[in-house]
Structures are given as C-alpha cells and as structure tokens.
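Coordinate inspection notes
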Amino acid sequence: MSDATQTDERIKDISRLRKTLIRPELGGIVGTIAVFTFFLLFAFDSGMFNAQGVMNWTVVSAQFVIIAVGACLLMISGEFDLSVGSMIGFAGMMIAIFGVTLDWPMWSAILITFAICIAFGALNGYIVVRTGLPSFIVTLATLFILRGFTIFIPQTLERKTIIGGIREAAEGDWLAPVFGSKIFGGLFQWLGDMGVIGTFTRGNRTGEPVVDGIPMLIIWALLLVAFGHILLTRTRFGNWIFASGGDADAARNSGVPVNKVKILMFMFTAFCATVFATCQVMEFGSAGADRGLLKEFEAIIAVVIGGALLTGGYGSVIGAALGALIFGVVQQGLFFAGVESSLFRVFLGVILLFAVILNTYIRRIITGER
Amino acid sequence: MSEPIIRMKDIEKHFGSVIALAGVSVDVFAGECHCLLGDNGAGKSTFIKTMSGVHKPTKGEIIFEGKPLDFADPRDAIAAGIATVHQHLAMIPLMSVSRNFFMGNEPIKKVAGLRFFDHDYANRVTMEEMKKMGINLRGPDQAVGTLSGGERQTVAIARAVHFGAKVLILDEPTSALGVRQTSNVLATVDKVRKAGIGVVFITHNVRHAMAVGDRFTVLNRGQTLGTATRGEITPEELQDMMAGGQELATLEGSLGGTV
Ligand SMILES: Nc1ncnc2c1ncn2[C@@H]1O[C@H](COP(=O)(O)OP(=O)(O)OP(=O)(O)O)[C@@H](O)[C@H]1O
Ligand SMILES: [Mg+2]
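Throughout what follows, the structure given in this document is the object of discussion. Computed from a prediction, not measured in an experiment: that's the story for all the values here.

Moving on to helix α1 (residues 44–51) of chain B. For α1 of chain B, the buried fraction is high: seven of the eight residues fall into the buried class. What α1 of chain B keeps buried is the set Lys44, Ser45, Thr46, Phe47, Ile48, Thr50 and Met51 of chain B.

With that out of the way, let us pick up the interface of chain A and chain B. On the side of chain B, 42 residues touch chain A, which itself brings 40 residues to the contact. Of the roughly 3100 Å² buried between chain A and chain B on both sides combined, carbon and sulfur atoms contribute 53%. Between the two partners, chain A and chain B, sit one salt bridge. Of the charged contacts in the structure, one is a salt bridge between Arg236 of chain A and Glu106 of chain B, with a shortest N-O distance of 3.6 Å. The interface formed by chain A and chain B holds eight residue pairs in polar contact (both at pLDDT 80 or more) in total. When residues of the side of chain A that touches chain B are traced back to their parent elements, those giving at least two are α10 (216–234), α11 (236–246), α12 (248–253) and α16 (343–367) of chain A. Its residues placed into classes, the side of chain A that touches chain B shows 16 nonpolar, 15 polar and nine charged.

The subject of this paragraph is the pairing of strand β12 (residues 223–229) of chain B. By the bridge criterion, six bridges tie strand β11 (residues 215–220) of chain B to β12 of chain B in an arrangement that is antiparallel. Counted as the bridge partner of Asn220 of chain B is Gln223 of chain B from β12 of chain B.

A few words now on the pattern of salt bridges. Evaluation of the coordinates by the stated rule reveals 18 salt bridges over all chains. Note that Glu79 of chain A and Lys262 of chain A form a salt bridge whose closest N and O atoms lie 2.8 Å from each other. Taken together, the positions of Glu79 of chain A in the loop between α3 (51–76) and α4 (84–101) and Lys262 of chain A in helix α13 (residues 258–284) put the pair 183 residues apart, joining distant regions of the chain. The shortest N-O distance in the salt bridge between Glu158 of chain A and Lys160 of chain A comes to 3.9 Å. Judged by its relative accessible area of 25%, Glu158 of chain A falls in the partly exposed class. By sharing partners, the salt bridges in this structure join Glu3, Arg7, Asp27, Glu32 and Arg215 of chain B into a single network.

Turning our attention to the coordination of the magnesium ion (ligand 2). Residue and element names in this part refer to chain B. Within the protein, Ser45 (OG) and Gln87 (OE1) serve as the donor atoms for the magnesium ion (ligand 2), at 1.9 to 2.1 Å. With Ser45 in helix α1 and Gln87 in the loop between β6 (82–85) and α3 (97–101), this pair connects stretches of sequence that are 42 residues apart. Since its relative accessible area comes to 18%, Ser45 is described here as buried.

Another point: helix α14 (residues 295–305) of chain A. All names here are of chain A. In terms of burial, α14 is largely enclosed, as nine of its eleven residues are buried. Residues Lys295, Glu296, Glu298, Ala299, Ile300, Ala302, Val303, Val304 and Ile305 constitute the buried set of α14. Remark: Gly307 follows α14 within two positions and exhibits a positive phi of approximately 100°.

All names here are of chain B. Per the counting criterion, the structure on display carries 25 aromatic pairs over all chains. When the centroid spacing of 5.6 Å and the interplanar angle of 85° are considered together, the rings of Phe102 and Phe163 count as edge-to-face. Of the two residues, Phe102 is situated in the loop between α3 and β7 (108–111) and Phe163 in the loop between α5 (149–162) and β9 (167–171); the sequence distance between them amounts to 61 residues. Judged by relative accessible area, Phe163 falls into the partly exposed class, the value being 30%.

Rules of the game
Residues numbered from 1 in each chain as written. Chains lettered and ligands numbered in written order. Predicted model: local features only at pLDDT ≥ 70, side-chain atom pairs only at ≥ 80, totals over all residues. Heavy atoms only, no water. Buried < 20%, exposed > 50% of the residue type's maximum accessible area, 1.4 Å probe, protein only. Helix = DSSP H or I, 4+ residues; strand = E, 2+ residues; numbered from the N terminus. Contact = heavy atoms within 4.5 Å. Buried area = accessible area lost by both parts, 1.4 Å probe. Salt bridge = Lys/Arg side-chain N within 4 Å of Asp/Glu carboxyl O. Polar contact = N/O pair within 3.5 Å; in protein donor to acceptor, adjacent residues only side chain to side chain. Nonpolar A, V, L, I, M, F, W, Y, C, P; charged D, E, K, R; others polar. Pairing = 2+ DSSP bridges. Donors = N, O, S within 2.8 Å, 3.2 Å for Na, K, Ca; no water. Phe/Tyr/Trp six-rings, centres within 6.5 Å; stacked < 30°, edge-to-face > 60°.

Encoded structure:
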C-alpha cells in the first residue's frame, strides 16, 4: 500500500522533451517521418514530389483520412464498424439510383442518401447496444446486407452494376460541388503562370497548370480531422467517448449516456463513409457495386497505426490522420518508385507491426497498463 | 425526528432465479452515517445499486425527500443528489485523473457560443482536491492506471464529495486502503456527515463502522437482521450478527478475538 507523502520524492522529474514526446500520436509521427525520409531518398526523382505527384498521394491519403476519422472515434468509444466499405459502395449506388435512374435533382439524391446511410449507422449502433453483441459480428452482418443491396438494386432496376452519368446529372446543382469541385483554381493558374508549378505545353489545355485546384475531398478530410480532434479532446462529449470505450459500466455509473454515445459514433462513421462515397462518385461520374471493398480494414489499420487501442478508451484523431497519410504515401510512393505492387502489402505489414509495437510501449508508459 | 432524506421500503431484487434481496428496508437521515454490514454475498452492493439507479428494484418503494422516486438510470440518481462510490470502482484507468474526476460532470466554458470542456478549471480543482486528501499527483493528466488501488479509491471519494451530494454512498471504501488513507476516508466521512449529508457506509470491518457510524444495519442473505443505534450495541454483538450468529463464536477462542 502506498502512502502519500507531502514532498514528491518518489516522483522522478520528467524532462520536458520526454513529456512532449510521450503522446499517443508518437508512433504516427515517427512513421510519417520514416516514410517521407525513405521516399525522399529513394524516389525523389520519380515525380512523386512535383505538383502532380504531391496532389496524387495527397488525394489518396485524404480518402483514407475521411474514413479513418470516423473509425477512430468509434474505436475509442469501444466499437468497430466492418460495414464501412459496403456502406461506401451502397451510398454511391444510392446517389446514382436517385439522381440518375429516378432522375431526382442531385441535391435531393445526396441528402436522401446521407439520411439512409446515417440511419443504417444508427441501426448498427442500436443493435449493438441493445443486444450487447460484439459490434464485430453485428457490422459483419451489415457488411453483407449492404453489399447485397448494392448489387441487387441496380441489377433489378437497370440490369447492370455500374451506373454512369452522375456528372451530367449533377450539372448546375448547388450541393454536388461541395463534394466534387476544386477550389483555389485562380491561385493555381497564377502559380502556373509564375512557373512555380508546371503547365501543360501541348493539347487543348496548353497553358493551364498541371494541378488546377484543391479537390473538395481534401477540404473534407481537413475539416473532419479538425472536428474530430476538437470534439475528442476539448468537449464534454469527447470525455464521454473516452469513458464509454474505457469502461462502459464505470461510465454508466457516473452518469455518462454510454448507449447514446456509441449510437452517435456509429452514425458519425456512416456519415464519413457517405462523404467518401459522394466525393468518389462525383469524381468518377459513376457508381459501381464493388466500390469501397476492404475500406473498413484500411480505416482500422490507419487508426491503429495512429496509436488507438483496439479495445477502446484510448487514441487520437491526429494519430489516425497520420496513419492514413502513411498509408496513402506508401501506396502511391511505391507506385512512383516503380516497385512491384505486391510489395505494398509487405511494406504495409512491416509498418503496421512496428507502429503497433511502438504504440503499445508508449501507451504503457502513459497509462501504467501492465 | 425529522423525515429521512431517503427511505427504502421492502426492496426486493431478483436476478433470474437468484433472490439477491428479499425485502430490505433502510432509511437515511441528513447528517447521519448509516453503516451497512454483512458477509460476502449478503446483498449489500445490490442494495445500494438499487439506491443509485444502477438496478431497478423488482419490488419495493424508494421515497426521496418525501416523494416516491423511480430512477431510470444512474443519471437520475446523480441529478437527484445521490453520489455513489462503487465497490468495483467507477474509475477508468486509461483516462487521466482530472478526466475521471469530472466524468459525467464536465465543467463547461463557452468560446464563441460553443461549449468546450474547461480543462484549466478541471485540472486546478483536481489537484486541489487530491492534495486535500493527502495524495500528491504528478499532474492532473496522470492516468488513473498509474495510481495504486487505494489512491484510486480516494480519487473516487473526493469526486463524490466534491459534487455536493445529499446522500453519499460508499461501498467498502476502506477495504483496499492503507492506514493513512483509511483514517483520511473515515475523517472525510465524519466531515461530510457534519455538513449535513447522509452517508451510507458499507464495510466488513466493525472497527471502521464503530468509528464513524450512527446507526448500523446488518444484512444477511438478502434480509435485514435489524438496525441498531450507536451505543445500543457492542462491536462483539455486531460481529456476531454479521456472521449470522454462527461459527465465529467457536473460532473466537483460537483466533484470540483478532477478527
Ligand atoms: N448482476 C447479477 N446477476 C446475478 N446475480 C447477482 C448479480 N449481482 C449480484 N448477484 C448475486 O446477489 C447476491 C448478493 O451480491 P452482492 O454483490 O450484493 O453482495 P455483497 O453483500 O455486496 O458482497 P461483498 O461483501 O462480497 O461485496 C450474490 O449471491 C450475487 O451472486
Ligand atoms: Mg459488495
């Protein structure tokens, strides 16, 4: 039994450096530095770091970030969602069905899709908190159900599993550009004129910059990270997220509305998946029944690389975003470096392992877990 | 005597076929320390959980400040002014002391109309309250997982006291504590009682009960064996009652009265 003492002689002074270093995101920060060092050394001349190259891996990373933020908050609240990938395919298909097949105005197709998907998220959460079943099982069922609908509905209505014409249907719509447009076009034109970034020298786009704006996808990623981080660390609700995942019974006994928190996090995860899907169909102009395959695992991997504890109660949105960045940079970087694409998995496995070992070590220091 | 703050009448609680409580009545007055004693499995924790809104009683009535009450969940009980320190602590090891301290009662500061967690206030109050209880934290952001069992218990009690309850329920708060924290907790109970709060204090330790208790209720196998007032009963009699008046008597000789 320890005895509290008036002086702190049993507490070693912890250096400032150590204190700033020992944080949940450390694994993600170290990984990011390692990955960038690696590619700067070995793939600098590959085009990966010119304007087009940077935009390429930034967009891919931003896609991972969008689903990782949802998965991160949900995981900290103690649950998983394996239906994220199916939800992405389903959401894209719903937009195509309402907006193209049924010819509704695009804004209404987008809004109804958000409503349907968030309702599915709420249903996931409701079943999990009501039955007490592991969310792993419940959302595995949702994974199959949603994927099934995503194939069945377009086949029944259109006799095909890819529906195009979304870009045309979205022409002149007020809501679609929030997901599908690019901003700061003028700035990039100016940068092109100044010679800071390259311009096309041939074809009908001669004189236009090779990168002609920031896609809204990236803006969504940044906004979601900022929102998730502030929600988690700076609000009352954030404390409830940690508490629900840390020990649901203890949280309940202290008056935290655990069920409500978990259901809301399932809904937020569904929201993120739908943002992803909407940006994707606006970019591609089509919805496919196989979209989003395995995205749930990529989201979970990014979150775990970012320092979150699989069993809940601990983690960081910034860390998850860095995990997603590592994921995107490695995937695209190996492509630029001309490395055999199958090696991507080897690389990813190694990073995952190292990040998790480092994260576990840091977490033990912080939480005194044994 | 005036009305009790809370009156529990013929509380029954069944878990499937297990009858954990078979009609227990206890009342608590403002400014008294009501000790609840009984052996393992007697139903003490189950009883106070019906009081704090964790369990719904199968049968029976709860009258709080003269009005019948029906708690849907712990939030209702907390809002009514019943604070509980559960036996298996309501502390989350992965979270910092100050996040735990304010869990469910987070202080709010408004910035540009938005409601944010006031970390500065939370950290300051946590450090102050811990110091009062004789625990020196490394910092308010230290995780509860790095504290000893007794220190965690102390944080939980400090938290319940801080939020100014009308009834404070402590489920075996001293069972994991060392000498110094035990005397701290008993002194706190005394202080809280003098401030007019009704305390329900569960313990196995007759000496701890005798040190602060005004009334003593002994539970056995889900039933009340009776309530005694301080001065009406000796520690030995209490001890015997807790053991259901059996066995312990025969052991008495060989243990030399040490239990
Ligand atoms: N959730 C539950 N489901 C089923 N049975 C339960 C449940 N909670 C308690 N019990 C049973 O109710 C009885 C009383 O348990 P309780 O925890 O109230 O005892 P206690 O007096 O607090 O004991 P201790 O001194 O060991 O803490 C026990 O027989 C226990 O097995
Ligand atoms: Mg008990």
